[in-house]
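Chain by chain, the residues:
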Amino acid sequence: MAENGGVLEMTREEFEELVAEALDRIPPELTRLMDNVAVFVEDEPPADDPELLGLYEGTPLTDRGEWYAGVLPDRITVYRGPTLRMCDTREDVVAETEVTVVHEIAHHFGIDDERLHALGYG
């Protein structure tokens, strides 16, 4: 553990690489179905939800209709700060990042929080 109050240290670049690796582990048959979505890493979530690990913003694939054209990409954001604060080891960060990425991608596919929690991706 680091000498900064117990928060695991990891550079933004290292964390971004973990997010990229988590994305690479998504099966190709699923990534082929993803449409108009971008993934970002931010250091901290909005002030009103300081423990938020990830956020999906957009229109799930299941809600898109004929009207869906010319819109900005859906946005998945993974937050480094809260992830590092809740994890004790690099291995914990790898596992938590993977769960967060899968969780947010599932929202892109229209899967809600209740179902994700039931599947172990809460």
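This report concerns the structure included in the present document. The numbers attached to residues start from 1 for each chain and follow its sequence in the written order. For this predicted model, a pLDDT threshold of at least 70 governs which residues receive local features, and a threshold of 80 or more governs which side-chain atom pairs are given and counted, while totals over whole chains, interfaces and linings are taken from all residues. Based on all heavy atoms of the structure, the side-chain values leave hydrogens and waters out of the count.

**Observations regarding helix α1 (residues 12–24)**
For α1, with 13 residues, the first-to-last C-alpha span of 18 Å sits near the 18 Å given by 1.5 Å per residue. Whether a residue is buried, partly exposed or exposed follows from its accessible area with a 1.4 Å probe, protein chains only, as a fraction of its type maximum: under 20%, in between, or over 50%, in that order. Strands here are runs of E lasting at least two residues and helices are runs of H or I lasting at least four, both read from the DSSP assignment and numbered beginning at the N terminus. Considered for burial, the residues of α1 that qualify are Phe15, Leu18, Val19 and Ala22. Buried residues of α1, seen end-on, are gathered within an arc of 100° and therefore sit on one face of the element. Exposed residues on α1 whose side chains face more than 90 degrees from its buried face are Glu13 and Asp24. What makes two residues a contact is simply this: any of their non-hydrogen atoms within 4.5 Å. On its buried face, α1 is in contact with β1 (37–42), β3 (74–79), α3 (80–86) and α4 (90–108). One fewer than the residue count of a helix, multiplied by 1.5 Å, yields its expected span. Summarising the geometry, the arc corresponds to the directions from the helix axis toward the C-beta atoms.

**Examining the sheet that holds strand β2 (residues 54–57)**
Any two strands with at least two DSSP-identified bridges between them are counted as paired. Read across the open sheet, the three strands follow the order β1-β3-β2; overall the sheet is mixed. The sheet is open, and its two edges are formed by β1 and β2, each paired on a single side. Between one strand and the next, the sheet's axes are offset by a mean angle of 15°, whatever the strand orientation. As paired strands, β2 and β3 are joined by four bridges and run antiparallel to one another. Along β3, the bridge assignment pairs Glu57 with Arg75. Here, axes are lines fitted to C-alpha atoms. For helices the fit covers the stretch in contact, and angles between N-to-C directions go from 0 to 180 degrees.

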